[in-house]
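Each chain, letter by letter, is given below.
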Amino acid sequence: MTPDIRKIVTYDEEVLIEGFRAASVPWRMFAAAAVVRNPWAGRYVEDLKPEIQAYGPVLGEMLTDRMIALAGGGDAIEAYGKAAVVGLDGEVEHASGLIHTLRFGNHFREAVGAKSYLSFTNTRGPANAPIMVPLMDKNDAGRRSHYLTIQFAIPDAPRADEIVVVLGAATTGRPHHRIGDRYQDLKDLGHDVDNPAAV
């Protein structure tokens, strides 16, 4: 059992001027997306596990290879994330199933030497639906300069019976970051870094 992949799409954006000021280093965000036939489309399936376990490693390895090639190496990636958009004949659970498995995400995590979790979105929509890939620092979840979002769309995907599975990354944070990191907020509020909600 292997995923039926119709197409692979890459997105690559390099920002040279942000906020009317040149970036000292180009701000680059990029993504790799696989458009996959949804094996559960149009029906209710109780056990999603067989397809998740079969598809996850294949998609994770393939998309990770594309991302590392785009970056020129795992060390070049500072922020990362993942997303999935399921077509209208599927459930959001189907999108979630393909990206919320360690068999998928661990390929990317290990390739970039990450410690933090992969931020994510899982949504449903028609062809040309917005694909939103939230990013965060691969090692420091409190580094706000690397709270980023890649946004793009694929004109003919997802079809009703497809899922778009995506990995995203950035080689830097925002060029003119000036809102500070969450640690100062926690200090000001008297909260513990390990218990930010103070509960």
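One can find the structure itself at the top, above this paragraph.
So, here is what we can say about the structure in this document. (Residues numbered from 1 in each chain as written. Predicted model: local features only at pLDDT ≥ 70, side-chain atom pairs only at ≥ 80, totals over all residues. Heavy atoms only, no water.)

### Details of the packing of helix H1 (residues 49-71) against helix H3 (residues 102-112)
Where we set the bar: Between the N-to-C directions of two axes lies an angle of 0 to 180 degrees, each axis being a line fitted to C-alpha atoms and, for a helix, fitted only over the stretch in contact. Note on conventions: DSSP H or I runs of at least 4 residues are helices, E runs of at least 2 residues are strands, and numbering of each starts at the N terminus. Orientation is classified from the angle alone, with under 35 degrees giving roughly parallel, over 145 giving roughly antiparallel, 65 to 115 giving roughly perpendicular, and any other angle giving oblique. Left-handed is the label given to a crossing in which the near helix is rotated counterclockwise from the far helix by less than a right angle, and right-handed is the label when the rotation is clockwise. Residues count as neighbours in contact if any of their non-hydrogen atoms are within 4.5 Å of one another.
At a minimum axis distance of 6 Å, the contact between H1 and H3 shows a crossing angle of 30°. Of the possible angle classes, the one that applies to H1 and H3 is roughly parallel. Of the two possible hands of crossing, H1 and H3 adopt the one that is right-handed. Every residue of H3 that contacts H1 at Gln-53, Gly-56, Pro-57, Leu-59, Gly-60, Glu-61, Leu-63, Thr-64, Met-67 and Ile-68 is listed here: Arg-103, Phe-104, His-107, Phe-108, Ala-111 and Val-112.

### Observations regarding unusual backbone geometry
We apply this condition: Burial classes follow relative accessibility: with a 1.4 Å probe on protein chains only, a residue under 20% of its type's maximum area counts as buried, one over 50% as exposed, and anything between as partly exposed.
In this structure, Pro-158 follows Ala-157 across a cis peptide bond, with omega equal to 5°. Turning to its location among the elements, Pro-158 is positioned in the loop between strand E6 (148-152) and strand E7 (162-170). Backbone geometry at Phe-20 places phi at a positive 70°, although glycine is not the residue there. Since its relative accessible area comes to 86%, Phe-20 is described here as exposed. Backbone geometry at Asn-128 places phi at a positive 70°, although glycine is not the residue there. Looking at where Asn-128 falls in the secondary structure, it is placed in the loop between strand E4 (119-124) and strand E5 (131-137).

### So, the environment of Ala-83
You can see Ala-83 is positioned in strand E3 (residues 79-86). Judged by its relative accessible area of 0%, Ala-83 falls in the buried class. Taking the C-alpha atoms as reference, Ala-83 lies 6.9 Å from Met-132; in sequence the two are 49 residues apart. Discounting chain neighbours no more than four positions away, the residues touching Ala-83 are Ile-99, Thr-121, Met-132, Val-133, Val-164, Val-165 and Val-166.

### A closer look at the pairing of E3
Convention followed: Only strands joined by at least two bridges in the DSSP assignment are considered to pair.
Along E3, eight of the eight residues are buried, which leaves the element largely enclosed by surrounding structure. Along E3, one buried face is formed by Ala-79, Gly-81, Ala-83 and Val-85 and the opposite face, lined by Tyr-80, Lys-82, Ala-84 and Val-86, is buried too. In this sheet, E7 lies alongside E3 in antiparallel orientation, the contact comprising eight bridges. For Gly-81, the partnering residue across the bridge sits in E7 and is Gly-168. Here six bridges tie E3 to E4, and the two strands are oriented parallel to one another.

### Notes on H3
Worth spelling out the cut-off: In this description, the arc belongs to the directions extending from the helix axis to the C-beta atoms.
Every buried residue of H3 is accounted for by Phe-104, Gly-105, Phe-108, Arg-109 and Val-112. Summarising the axial view, the buried residues of H3 lie within an arc of 115°, below the 170-degree limit, and thus occupy one face. Of the exposed residues in H3, the ones pointing more than 90 degrees away from its buried face are Leu-102 and Glu-110. If you follow the buried residues of H3, they end up packed against H1, E3, helix H2 (92-99) and E7. One or two positions beyond H3, positive phi appears at Gly-113, with a value near 65°.

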